[in-house]
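# Analysis of the macromolecular model
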Amino acid sequence: MARPQGLADGLPTLQERVRTLQTSLQAKAKAEPAFRFYTLWDKVCREDVLTEAYRRCRANRGAPGVDGETLAAIEAQGVEAWLETLRQELRAKRYRPQPLLRVWIAKSNGGQRPLGIPTVRDRVVQAAMVVVLEPIFEADLPRNQFGFRPNLDAKMAIRRAYWHITQSGRTEVVDADLSDYFGSIPHGPLMRCVARRVADGTLLSVIKAWLGASVVERGARGDRCTAEARDRRRGTPQGGVISPLLANLYFRRFLLAWDQHGHRGRLDAHVVNYADDFVICCPTGNGAAALTVTRQLMARLGLTVNEEKTRLVSLPEERFDFLGYTLGRFYGKGGRPYIGTKPSRKAVKRLTAAIHEATSRRWDRDRPENRVAVINRLIRGWAAYYNQGPVVQVYRAIQWNTERRLQRWLRRRTGQPGTGYRQYPESYLYDTLGLYKLPSARRDLPNAKA
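Residues numbered from 1 in each chain as written. Predicted model: local features only at pLDDT ≥ 70, side-chain atom pairs only at ≥ 80, totals over all residues. Heavy atoms only, no water.

## Notes on the packing of helix α15 (residues 345-358) against helix α16 (residues 368-385)
Direction vectors running N to C along α15 and α16 enclose 170°, while the axes themselves pass 10 Å from each other. Taken together, α15 and α16 sit at an angle that is classed as roughly antiparallel. Between α15 and α16, the contacting residues are A347, V348, L351, A354, I355 and A358 on the first element and R371, V374, I375, L378, I379 and W382 on the second. By residue class, the composition of the contact of α15 with α16 is eleven nonpolar, no polar and one charged. (Axes fitted to C-alpha atoms, helices over the stretch in contact; angles between N-to-C directions. Helix = DSSP H or I, 4+ residues; strand = E, 2+ residues; numbered from the N terminus. Parallel < 35°, antiparallel > 145°, perpendicular 65-115°, else oblique. Contact = heavy atoms within 4.5 Å. Nonpolar A, V, L, I, M, F, W, Y, C, P; charged D, E, K, R; others polar.)

Following this line, the structure appears as structure tokens:
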């Protein structure tokens, strides 16, 4: 897709203005922890903020919402004019959120997870709100909260848990799970979390309207519209641009209670959190008490611990999965045991399933170059995250599986007998088709810890 005309002109200057705004907001928030910001809506309406918000939404792509408007359609009619119309609507306070479009995505356990997709218009306004609010609340979020924050990521959370286990001897781990965290957050307490820092009535009313937005689900018998979130007064939709920030704000309440009530010091129990995933690392013997306190605090917050998926893990005898990695005891050269990390079986299974689908019969009429391009994107993206710990053997298994799948697909589409191993050797896959080859030795990996 071509870069939107007019959006590139002066973009660095606009981005600099946005960064200056964010730096100013964060400096004020850090300097005065109890300060409430009274005038923020005018900043959401700023041209540079809306332009940056659109740029972020465009970078994330995403499907159209309930109105069917696409990014391509917006760019065909002109981004600057579209943004100016939206800006005038926001400034005049005529903006009203549209319903969410519900779609279902597959979960690793075979179930389905609902996503609420806002319209592009609502996504841009939410992104503009994040541009303004994120630096304010970033000053308040604790260091052990790693999800959806600038300069932090999931692998940092994994390394923090690894450090607690290996360097501080906290080898009893509460591997916790919450039941439908995003869908269970109560609106009243959540809005109080926001209002602790924000006193702008217009901004607060728009966030409240997003939380209570109706949901449209399309089926063979037509559209069905529900207002479940508004009726239950719970939930922030997964799929909303602002939802990760709101989820972080509410989970902060648990982390503050954990520290302020003395549980971290009393039990030497340290929480590592990423979005709705978290583990609690404790010395041996303290895990059961930490789990009991977790249940009590979550109940007070209106949340529920998923008892089927929550367990107490004792290392090194046991292992646990966290953010796609397995942490536990492994064996090196000569059978030497060590505590480390490796990609979890579920993570490997998801990748091989995606490669299997990319070489299934539905693609038999596609060109080999197109299939290889799809497979390369899958493998490169997966390996960019899963590059910590002893991954070379896992890479070799994935490479072998990919070669066999691709050879079978090439043989099948041409109607030739056999497995395709002889007809399409590795040299053809890599040299002719350009299949991506994963690193085959530790020295070839990017620098990675744990």
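Anyway, onward from the coordinates.
## Some words on the nonpolar core
Core analysis: the largest hydrophobic core is formed by 77 residues, its most contacted members being V124, M129, L133, I207 and F254. No other element matches helix α6 (residues 120-138), which puts twelve residues into this core. Those residues in contact with I207 that sit more than four places away from it in its chain are M129, L133, M191, V194, I242 and L246. (Core = buried A, V, L, I, M, F, W, Y, C linked by side-chain atoms within 4.5 Å. Buried < 20%, exposed > 50% of the residue type's maximum accessible area, 1.4 Å probe, protein only.)

## Observations regarding empty space enclosed by the protein
Overall, the coordinates contain two cavities of 30 Å³ or more when judged by the stated rule. As for the largest cavity, its lining consists of 15 residues, of which L100, Q126, W210, L211 and P237 are closest to the centre. Residue classes in the lining of the largest cavity are distributed as nine nonpolar, five polar and one charged. Each pocket or cavity is described by its volume, and for the second largest cavity that value is around 40 Å³. Taken together, E134, F137, E138, L141, F148, R149, L245 and N248 make up the lining of the second largest cavity. Within the residue set of the lining of the second largest cavity, elements represented by two or more residues are α6 and α12 (243-260). Per-element accounting of the lining of the second largest cavity gives the leading share, three residues, to α6. Looking at the lining of the second largest cavity residue by residue, the class counts come to four nonpolar, one polar and three charged. (1 Å grid on protein atoms, 1.4 Å probe; cavity = no way out; pocket = protein on both sides within 12 Å on 5 of 7 lines; lining within 4 Å. Points joined across faces, edges and corners; volume = space filled by probe spheres on them.)

Keep in mind these numbers describe shape, not what the thing actually does.
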